[in-house]
Amino acid sequence: MRVAPKIELTDEERAALTKLCRSGLTSVRLAQRARIILLADQGLNNKDIAAQLGIGRMQPARWRERYLQGGIKAIERDLPRGAPPVKVDVAQLVQLTTQSSPEAITHWSTRKMGTLLGVSASTVMRHWHAHGLKPHLVHSFKVSRDPQFAQKLEDIVGLYMSPPEHALVLCCDEKSQVQALDRTQPGLPLKKGRAQTMTHDYKRHGTTTLFAALNVLDGQVISQCQQRHTHVQWLKFLKQIDRETPKDKTLHLIADNYATHKHPVVQDWLAKHPRFHMHFTPTSASWLNMVERFFRDLTTERLRRGVFTSVPQLVAAIDEYVAHHNTNPKPFIWTKSARDILQKVIRANSRLSSKQNGTLH
């Protein structure tokens, strides 16, 4: 026959339990547990305690055992329910995320990592967030290998941050192969609870090339759409810039290293127009040209969701956007100094060299 373990209380313990039973601030459950221990101290067995308090026989046995193990603190709180929380080795999680990849897959997901470590996907996500890890994202980059990178960088950033007097700085470039895309079915407009819709497939109706020159001073844009982007079209655009800018201003044009910009015919024309001064961005560094920022705005705000059934309709939309932009232009403000950019590039080259990346050229 099983005999319940005996409880012998000290005077202090008995007084504390009696106080819990009589206090009006004590919860009903805690007061009942205190009575169980007091009755056990009087020598009653679990069956008699259960009958006296009107409870099941398992409760006196449970709280008698817990009191013997931990005293009053053991009966103040219930044991946690459910399975004990699984602890994850955070150092291992971070190392696996940054130093390895799943079999036959390029990057980890929360579910794959959670399956490997035996934890939930939400646990993996919480630790990734705490350590700033985002395996689902990848950022593209290209470090310029131009041997004259520093000189060209200082030249162009100098024009942005300290432009010469009595001169205009124009960022020039072409946005080539702009497609006139028509959707195969009409989409639905935006409404409450539903985003605007458009078909994933499209019909091509030809392309155009946008030539643009962004005035660094006030944000005004000189533009021209043409079918091709050879030196002939570039020269035509230079003549437009010559017509639409004050004749008493020196023009500093920033452009990339596209062969069209350095064609002999273009060079001859520039020699006859000494107020034009060309400044070329370093190889693989078109981000130095601020007109690229305008091209991005044009793409996201007008072209990406546009529906164009012909090239003339596309050209009209681009001209309308440029005209609207020029009614209230806002210049892009360049804030990074050439020194800061150069130090960042040096750090990038150092890290790439340490990885011994053989694909750099």
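As the structure is a prediction and not an experimental result, all values here were calculated from the model.

**A few points about the packing of aromatic side chains**
Counted according to the given criterion, the structure contains six aromatic pairs. On the numbers, 6.1 Å between centres and 40° between planes, the contact of Trp 234 with Phe 237 is tilted. With Trp 234 and Phe 237 both in helix 10 (residues 231-244), this residue pair falls three residues apart, about one helical turn. Overall, the relative accessible area of 0% leaves Trp 234 in the buried class. Ring geometry for Phe 294 against Tyr 321: centres 6.0 Å apart, planes inclined by 45°, an arrangement best described as tilted. Note that Phe 294 is positioned in helix 12 (residues 291-303) and Tyr 321 in helix 13 (residues 311-327), a separation of 27 residues in sequence. Ring pairing ties together the aromatic residues Phe 211, Trp 234 and Phe 237, which thus form one cluster. Lying over the aromatic face of Trp 63, Arg 66 brings its terminal NZ or CZ to 4.6 Å of the ring centre. Lying over the aromatic face of Phe 280, Lys 262 brings its terminal NZ or CZ to 4.6 Å of the ring centre.

**Examining the pairing of strand 5 (residues 276-280)**
Counting buried positions along strand 5 gives four out of five residues, so the element sits mostly inside the fold. Sheet topology places strand 4 (residues 250-255) next to strand 5; five bridges connect them, and they run parallel. Opposite Ile 254, over in strand 5, you have His 279 as the bridge partner. Each parallel crossover has a hand, and for strand 4 linked through helix 11 (residues 264-272) to strand 5 it is right-handed.

**Re the nonpolar core**
Of all hydrophobic cores here, the largest spans 38 residues; its most connected members are Tyr 160 and Cys 171. Elements with a contribution of two residues or more to this core: helix 9 (149-161), strand 1 (167-183), strand 2 (202-215), helix 12, helix 13 and helix 14 (338-355). Considering each element in turn, this core owes the most residues, seven residues, to helix 13. In this structure, Cys 171 is in contact with Tyr 160, Ala 212, Ala 213, Leu 214, Val 216, Ile 254, Asn 289, Met 290 and Val 291, ignoring residues within four places of it in sequence. Counting residues in hydrophobic clusters, the runner-up holds 20 residues, among them Trp 234, Leu 235, Leu 238 and Met 278.

**Quick word on the pattern of salt bridges**
In this structure the tally under the stated criterion is nine salt bridges. One salt bridge connects Glu 8 with Lys 6, and the closest N-O pair in it is separated by 3.5 Å. The same class applies to Glu 8 as to Lys 6, namely exposed. With a shortest N-O distance of 2.3 Å, Asp 297 and Arg 293 are connected by a salt bridge.

**Details of the environment of Val 119**
Tracing the chain through its elements places Val 119 in the loop between helix 7 (110-117) and helix 8 (121-130). C-alpha separation for the pair Val 119 and Pro 60, spaced 59 residues apart in sequence, amounts to 37 Å. Beyond its immediate sequence surroundings of up to four residues, Val 119 is in contact with Val 86, Val 88, Gly 114 and Val 124.

**Quick look at the packing of helix 2 (residues 28-41) against helix 3 (residues 46-53)**
For the pair helix 2 and helix 3, interaxial distance at closest approach is 10 Å and the crossing angle is 135°. Comparing the axis directions of helix 2 and helix 3 gives the class oblique. Remark: the crossing between helix 2 and helix 3 carries right-handed chirality. Where helix 2 approaches helix 3, its residues Gln 32, Arg 35, Ile 36, Leu 39 and Ala 40 are matched on the opposing element by Ile 49, Gln 52 and Leu 53. Among the residues forming the contact of helix 2 with helix 3, the class breakdown is five nonpolar, two polar and one charged.

How each quantity is defined
- Residues numbered from 1 in each chain as written.
- Predicted model: local features only at pLDDT ≥ 70, side-chain atom pairs only at ≥ 80, totals over all residues.
- Heavy atoms only, no water.
- Phe/Tyr/Trp six-rings, centres within 6.5 Å; stacked < 30°, edge-to-face > 60°.
- Helix = DSSP H or I, 4+ residues; strand = E, 2+ residues; numbered from the N terminus.
- Buried < 20%, exposed > 50% of the residue type's maximum accessible area, 1.4 Å probe, protein only.
- Lys NZ or Arg CZ within 6 Å of the ring centre and 35° of its normal.
- Pairing = 2+ DSSP bridges.
- Right-handed = clockwise from strand over helix to strand, strands pointing away.
- Core = buried A, V, L, I, M, F, W, Y, C linked by side-chain atoms within 4.5 Å.
- Contact = heavy atoms within 4.5 Å.
- Salt bridge = Lys/Arg side-chain N within 4 Å of Asp/Glu carboxyl O.
- Axes fitted to C-alpha atoms, helices over the stretch in contact; angles between N-to-C directions.
- Parallel < 35°, antiparallel > 145°, perpendicular 65-115°, else oblique.
- Left-handed = near helix turned anticlockwise from the far one by under 90°.
- Nonpolar A, V, L, I, M, F, W, Y, C, P; charged D, E, K, R; others polar.

So far we have only geometry, and geometry alone does not tell us how the molecule works.
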